[in-house]
Amino acid sequence: MRRLLVPLSILPALCVASCSFLLDFDSLQKGGPPDASVSGSGGSSGAAGSAGAAGSAGNAGVPLSGFAPALASALCADLKACYSSGLEFIIHDEDCADLFTKTLTDTTTAVVQSSVTAGHLNYDPLKAAACVAQLTMASQASPPTCDDVGAMIEGCKSAVTGAGKSGDQCDNSYECQIGTYCKLEGCPGVCATYPQLNENCSSSLPCDPTKGLYCEPTNADAGAGSAGTCQAYIALGGDCSRTNSQCVPGGFCIGQKCQRLADVFTLNGGQTCYANGFLCNSGLSCEFSGVPLFSAASCAAEKAVSTPCKLAFPSECPKGDYCTADLLNANGQCVGTPSGDQACAADTEQKVGISAACAAGLICVNNICKPRKAIGEACELNEQCYSSFCAPGDGGMICAMPGCAP
């Protein structure tokens, strides 16, 4: 039997960044505002234009084969609008539209197609187009409407009809109505409601993504995603403490206040940053003179390959490179991010989540950089698969669809 690892979750594949004590963008990945029809997410160059095209084509509907790329473009446009340069901490050197398209293809298109083929669901191209169009409008609003990935994907379940209510049998979470997931303790599973306010939650059981909730760890030192209870996001301007997951999506805890992240990246070259609650405009990095967070910082231009560098937000090395500076911010040089079959990078930038351990399109598998894999391809770990599910198959382990086999 096959089991869904995370209810309707594409998070392991989407969260390319490692866990970070410096910057915690967990708010992007758990919970979401009450608008179950969804709004917001994603960003790479050109994504906004693609999303606009998807929205304008909405009258003709979006076929299931085109749903993943259309939704990915809309997601990326909104993430760029909501998170500005902060998006680099999420996807690093990956192309946002390409990453989301491949992930959504294996976690959404393939799963829905399986249920449609089995006669469990019907796919509505017009409702899918409406979902994409709403995401596109969210990115174009001023200020943009910001939801997390879980809320956006949950809302786009409106593109299918025939989903069951709580208590009904299911093979995957798309076969359950908005606000419910497929609880798989065997196959078939049973549709169940997500954890609600003050109920228990974890990385494998996120809070209801339609209710504006995040999972507050019971152990303050455990980090976001650990076992805890569902709590309401803190609004912009509200008091926050140790984790940025507390702030509403698009917000960031700076100076113990939730601030709109897109409003934080405003400083020019040479200006003081971080300590004053602001970061630098696109193309610049907030460079620390000594130990990050505890030393003076100012906005600096990108460094050249093989030249000295310091730890900065975001990394001040060119795309495809990272800074080797230690935690004391010494001995740094811009070097190439490891490519295929090379040992994964494990310097300070990787440890705190500023840079990825491997180049774009690769992931660290048993300390070696290896390609990400699509459904049907050989794999070693769940994290290597765009579907986040590596399961036994003919001849060995292969990437498979989440949920029960049809």
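Structure: see above.
It should be emphasised that the depicted structure is a prediction, and the values quoted were computed from it without experimental measurement. (Residues numbered from 1 in each chain as written. Predicted model: local features only at pLDDT ≥ 70, side-chain atom pairs only at ≥ 80, totals over all residues. Heavy atoms only, no water.)

A. The arrangement of the overall build of the protein in detail. When its secondary structure is counted, the protein shows 8 helices and 21 strands. The buried share of the protein, taken over its 406 residues, is 54%. Considering only contacts in the protein between residues 6 or more positions apart, those separated by 24 or more positions represent 56%. Of the roughly 15900 Å² that the protein leaves accessible, carbon and sulfur atoms contribute 54%. (Helix = DSSP H or I, 4+ residues; strand = E, 2+ residues; numbered from the N terminus. Buried < 20%, exposed > 50% of the residue type's maximum accessible area, 1.4 Å probe, protein only. Contact = heavy atoms within 4.5 Å. Areas by Shrake-Rupley, 256 points an atom, 1.4 Å probe, with all protein chains shown as cover.)

B. Quick look at the state of the cysteines. One pass over the structure, following the stated rule, counts 18 disulfides. Between Cys-187 and Cys-404 runs a disulfide, and the two sulfur atoms are separated by 2.1 Å. Measuring the twist about the S-S bond at about -95°, one finds the Cys-187-Cys-404 disulfide to be left-handed. Within this pair, whereas Cys-187 is found in the loop between β4 (180–183) and β5 (189–193), its partner Cys-404 is found in the segment after β21 (396–399), the two being separated by 217 residues in sequence. (Disulfide = S-S within 2.5 Å.)

C. Quick peek at unusual backbone geometry. A cis amide bond links Ser-142 with the next residue in sequence, Pro-143, at an omega value of -5°. Turning to its location among the elements, Pro-143 is positioned in the loop between α6 (125–140) and α7 (149–155). Cis geometry is found at the peptide bond from Cys-187 to Pro-188, where omega equals 0°. Within the secondary structure, Pro-188 sits in the loop between β4 and β5. Residue Ser-306 is not a glycine yet carries a positive backbone phi of 70°.

D. Region of interest: the sheet that holds strand β13 (residues 284–288). An order of β14-β13-β15 is seen for the 3 strands of this open sheet, with the pairing classed as antiparallel. Two strands lie at the open edges of the sheet, namely β14 (297–301) and β15 (312–313), each paired on one side alone. Sheet topology places β13 next to β15; 2 bridges connect them, and they run antiparallel. Along β15, the bridge assignment pairs Cys-286 with Phe-313. (Pairing = 2+ DSSP bridges.)

E. Geometry of the nonpolar core. The biggest cluster of nonpolar side chains holds 58 residues, and the ones touching the most others in it are Phe-67, Leu-71, Leu-75, Phe-100, Leu-104, Tyr-123 and Leu-135. With 12 residues, the top contributor of residues to this core is helix α3 (residues 64–83). (Core = buried A, V, L, I, M, F, W, Y, C linked by side-chain atoms within 4.5 Å.)

F. A look at the environment of Asp-93. Looking at the element boundaries, Asp-93 is found in the loop between α4 (88–91) and α5 (96–117). As a C-alpha pair, Asp-93 and Ala-359 span 266 residues in sequence and 7.1 Å in three-dimensional space. Not counting residues up to four positions away in its chain, the partners in contact with Asp-93 are Lys-319, Gly-320, Asp-321, Thr-337 and Ala-360. Polar side-chain contacts of Asp-93 include one of 2.8 Å to the backbone nitrogen of Gly-320. (Polar contact = N/O pair within 3.5 Å; in protein donor to acceptor, adjacent residues only side chain to side chain.)

G. Expanded view of the side chain of Asn-329. As for its placement among the helices and strands, Asn-329 is situated in the loop between β16 (321–323) and β17 (334–336). By relative accessible area, which is 4% here, Asn-329 ends up buried. Within polar-contact distance, the side chain of Asn-329 engages the backbone nitrogen of Leu-311 at 2.6 Å.

H. Layout of the pairing of strand β7 (residues 213–217). With 5 of 5 residues buried, β7 is to be regarded as a mostly interior element. Across the two faces of β7 the burial is the same, with Leu-213, Cys-215 and Pro-217 and Tyr-214 and Glu-216 all buried. Pairing of β7 with strand β8 (residues 228–232) involves 5 bridges; the strand directions are antiparallel. Residue pairing across strands places Cys-215 opposite Cys-230, the latter belonging to β8.

I. Spotlight on the sheet that holds strand β3 (residues 169–170). Taken together, the 3 strands give an open sheet; going across it, the order is β3-β5-β4, and neighbouring strands pair in antiparallel fashion. What marks the edges here is a single partner per strand, and that holds for β3 and β4. In the sheet, β3 pairs with β5 via 2 bridges, with the strands oriented antiparallel. Paired with Cys-170 across the bridge in β5 is Gly-189.

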